[in-house]
Amino acid sequence: MLSAAVMFFAASCEQSDIAPALKMQQTTVPYTAGRQSVSVEASGNWVLALYFQDDDQWASLSAESGSGSRNVVLEYGENHSEKERKVNIVLTASGTDVVLGFTQLPENSAEPDPDPDPDPDPEPDPEPAVFPGWLELPTVKETEDCHFYSHDMRVAGRTCRNYSFLWDRDNLVSHWVAYPLNSFLIGSGSRTDDWDYDPLVPRDEQPTLFHGYDGGYDRGHQLPSADRYTDNPSTFYFTNMTPQLGSLNQNIWREFEEKVREWARACDTLYVVTGCVLEGSRGKAYDNSGKAVTVPGGYYKALLCYKNSPSFGDGGYVAAGFYFEHRGYSQTNVTSDMSMSIDELEEKTGLDFFVNLKKQLPTLSDRIEAKDPETVNFWWN
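Read on for a plain summary of the structure. Bear in mind the structure is a predicted one, so any value in this text is a computation, not a measurement.

Considerations on the overall build of the chain
Moving on, step 1. Tallying secondary structure elements over the chain gives seven helices and 20 strands in all.
Moving on, step 2. For a compact globule of 381 residues, the expected C-alpha radius of gyration is about 21 Å, and the chain comes in at 22 Å, within 12% of that figure.
Moving on, step 3. Split by element, the accessible area of the chain, about 17,000 Å² in all, is 45% carbon and sulfur.
Moving on, step 4. Measuring between centres, the 30 positive side-chain charges of the chain sit 9 Å from its 58 negative side-chain charges.

A short note on the sheet that holds strand β7 (residues 70-76)
Moving on, step 1. Strand order in this open sheet of four strands is β1-β3-β7-β5, and the pairing throughout is antiparallel. A single partner strand is all that each edge strand has here, and the edge strands are β1 (21-24) and β5 (59-61). On average, each strand axis in the sheet is tilted by 25 degrees relative to the strand beside it, whichever way the strands run.
Moving on, step 2. Relative to β7, β5 runs antiparallel, the two being bridged by three bridges. Within β7, the position partnered with A59 by the bridge is Y76.

Brief notes about the state of the cysteines
Moving on, step 1. Within the structure shown, the criterion is met by one disulfide.
Moving on, step 2. At a sulfur-sulfur separation of 2.2 Å, the disulfide partner of C267 is C305. Here C267 and C305 share a disulfide; its torsion about the S-S bond, -125 degrees, makes the bridge left-handed. Placement of the pair is C267 in the loop between α3 (252-265) and β15 (269-277) and C305 in strand β18 (residues 298-306), with a sequence separation of 38 residues.
Moving on, step 3. For C267, a relative accessible area of 7% gives the class buried.
Moving on, step 4. For C305, a relative accessible area of 0% translates into the label buried.
Moving on, step 5. Looking at the unpaired C146, the closest cysteine sulfur is the one in C276, lying at 10 Å.
Moving on, step 6. Taking relative accessible area as the criterion, C146 reaches 9% and is therefore assigned buried.

Considering the nonpolar core
Moving on, step 1. One finds L74, L270 and W379 to be the most contacted residues of the largest nonpolar core, which totals 76 residues.
Moving on, step 2. A total of six residues in this core trace back to one element, the largest contributor, which is α3.
Moving on, step 3. Not counting residues up to four positions away in its chain, the partners in contact with W379 are K259, W263, L270, L303, C305, V318, A319, A320 and P373.
Moving on, step 4. Of all hydrophobic cores here, the second largest spans 29 residues; its members include W134, L135, L166 and A319.

Points about the side chain of R228
Moving on, step 1. Relative to the assigned elements, R228 resides in the loop between β13 (218-221) and β14 (241-244).
Moving on, step 2. Put simply, R228 is tucked away with no salt bridge, and the nearest opposite charge, on D227, sits 6.0 Å away.
Moving on, step 3. Not counting the four nearest positions on each side in its chain, R228 is found in contact with M153, R161, N162, Y179, P180, L181, L185, I186, L223 and T235.

Remarks on a negative patch on the surface
Moving on, step 1. A grouping of D337, D343, E344, E347, D366, D372 and E374 is seen on the molecular surface, where their side chains present a negatively charged patch.
Moving on, step 2. Here the negative patch takes three residues from helix α4 (residues 342-349), the largest share from any one element.
Moving on, step 3. Checked against the element boundaries, E347 lands in helix α4.
Moving on, step 4. Judged by relative accessible area, which is 71%, E347 ranks as exposed.

Some thoughts on the packing of aromatic side chains
Moving on, step 1. Throughout the structure, instances matching the rule amount to 27 aromatic pairs.
Moving on, step 2. An angle of 25 degrees between the planes, with centres 5.4 Å apart, marks the rings of Y149 and F165 as stacked. In this pair, Y149 sits in strand β10 (residues 146-155) while F165 sits in strand β11 (residues 158-168), placing the two residues 16 residues apart along the sequence. Both residues of the pair, Y149 and F165, count as buried.
Moving on, step 3. Taking 5.6 Å as the distance between ring centres and 75 degrees as the angle between the ring planes, the aromatic pair formed by F324 and Y329 counts as edge-to-face.
Moving on, step 4. The exposure class of F324 is buried, given its relative accessible area of 1%.
Moving on, step 5. Members of the aromatic cluster, connected to one another through ring pairs, are W253, F256, W263, Y299, F312, F322, F324, Y329, F378, W379 and W380.
Moving on, step 6. Just above the ring of W195 sits the side chain of R219; from NZ or CZ to the centre is 3.6 Å.

Looking at the sheet that holds β11
Moving on, step 1. The antiparallel open sheet is built from seven strands, whose spatial order is β10-β11-β12-β15-β18-β19-β20. Looking at strand neighbours, the two that pair on one side only are β10 and β20 (339-340), the edges of this open sheet.
Moving on, step 2. Where β18 and strand β19 (residues 317-325) come together, nine bridges link them in antiparallel fashion. For G298, the partnering residue across the bridge sits in β19 and is E325.
Moving on, step 3. Seen against the sheet, α3 touches β12 (173-181), β15, β18 and β19 and runs at an angle of roughly 10 degrees to β18.
Moving on, step 4. In the packing of α4 onto the sheet, contacts are made with β15, β18, β19 and β20, and the angle to β19 comes to roughly 35 degrees.

Rules and cut-offs
- Residues numbered from 1 in each chain as written.
- Predicted model: local features only at pLDDT ≥ 70, side-chain atom pairs only at ≥ 80, totals over all residues.
- Heavy atoms only, no water.
- Helix = DSSP H or I, 4+ residues; strand = E, 2+ residues; numbered from the N terminus.
- Rg over C-alpha atoms; globule rule 2.2 N^0.38 Å.
- Areas by Shrake-Rupley, 256 points an atom, 1.4 Å probe, with all protein chains shown as cover.
- Lys, Arg positive; Asp, Glu negative; His and termini not counted.
- Charge placed at Lys NZ, Arg CZ, Asp CG, Glu CD.
- Pairing = 2+ DSSP bridges.
- Axes fitted to C-alpha atoms, helices over the stretch in contact; angles between N-to-C directions.
- Disulfide = S-S within 2.5 Å.
- Buried < 20%, exposed > 50% of the residue type's maximum accessible area, 1.4 Å probe, protein only.
- Core = buried A, V, L, I, M, F, W, Y, C linked by side-chain atoms within 4.5 Å.
- Contact = heavy atoms within 4.5 Å.
- Salt bridge = Lys/Arg side-chain N within 4 Å of Asp/Glu carboxyl O.
- Patch = residues over 30% accessible without salt bridge, like charges linked within 9 Å, V, L, I, M, F, W, Y side chains within 5 Å.
- Phe/Tyr/Trp six-rings, centres within 6.5 Å; stacked < 30°, edge-to-face > 60°.
- Lys NZ or Arg CZ within 6 Å of the ring centre and 35° of its normal.

As structure tokens, this is what we get:
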């Protein structure tokens, strides 16, 4: 699908110079409605626009502007006409325009060939999608119902990445939310409670949560509100919520979130993955319009701390994993015996965390992910 990963520096607002480019898996598709990822590769700010062959605006983009390399979703309806239709996707970045043509075939093109080749050459398998090389990202596995999105934000006049997430439009929760965290990105301010739809995701693929869930569950943030006073309203998007028991959300989980911020302030950057596990689900909760939302069976955090110090950790990194069953806990503080190595958390969740660390530190990443955090003083001093 895409040719090369985009690698970024550890500082979450810095990025390498990248020649503007647009890439996607298929530039010609059948008449049926669909969606696919468009990879935008750029340094700094960019703008996307669609230029249609005729007046029928039959496709749309999930984002028309942004900064840095990211994926944008192109959605398109059915083509019931008798001719193909075309649109040019135009990227403007660094004073350059890049054009990628996209064609949808007419409905009658789907009819079978009356004399098909009895021994056709097999079509090559499409290349897998390649996503940005940010250190906080786990391996991204998009499916028909799960799609990757990423939010930017402005901090002190600079465009930075905010957070990324894998949205499940069937279960109506994000499997995980990944983000960098430090004092600069946390910022200062107060909670806004600006509950709203996520502008990147079609509204009919999100729950409506202005008034919370029916069934007695809290609207549990995956990216905590207090982690982003720099862009607090974005933490109240419905895609950042899961139905979470108040006995967990308002007690040990809240204290754990504060502990994570404490660790982040002691790091140059703390890379965080917060996620929910749907296996062992507690059933369904319901949004304000009656749509069913899957209640997770558990929650986790994967943490990777970076300090620019030759004496800190392995290559400047230490890591820790945590897993919580979705239930109330008698204690409110997180203790060392509740931690686990990243390898153990990967085995428990089936995910591959910090996949881009392996590219940056190929000889040390295995050691970092295997180390027991109970033995690392940084986490417990």
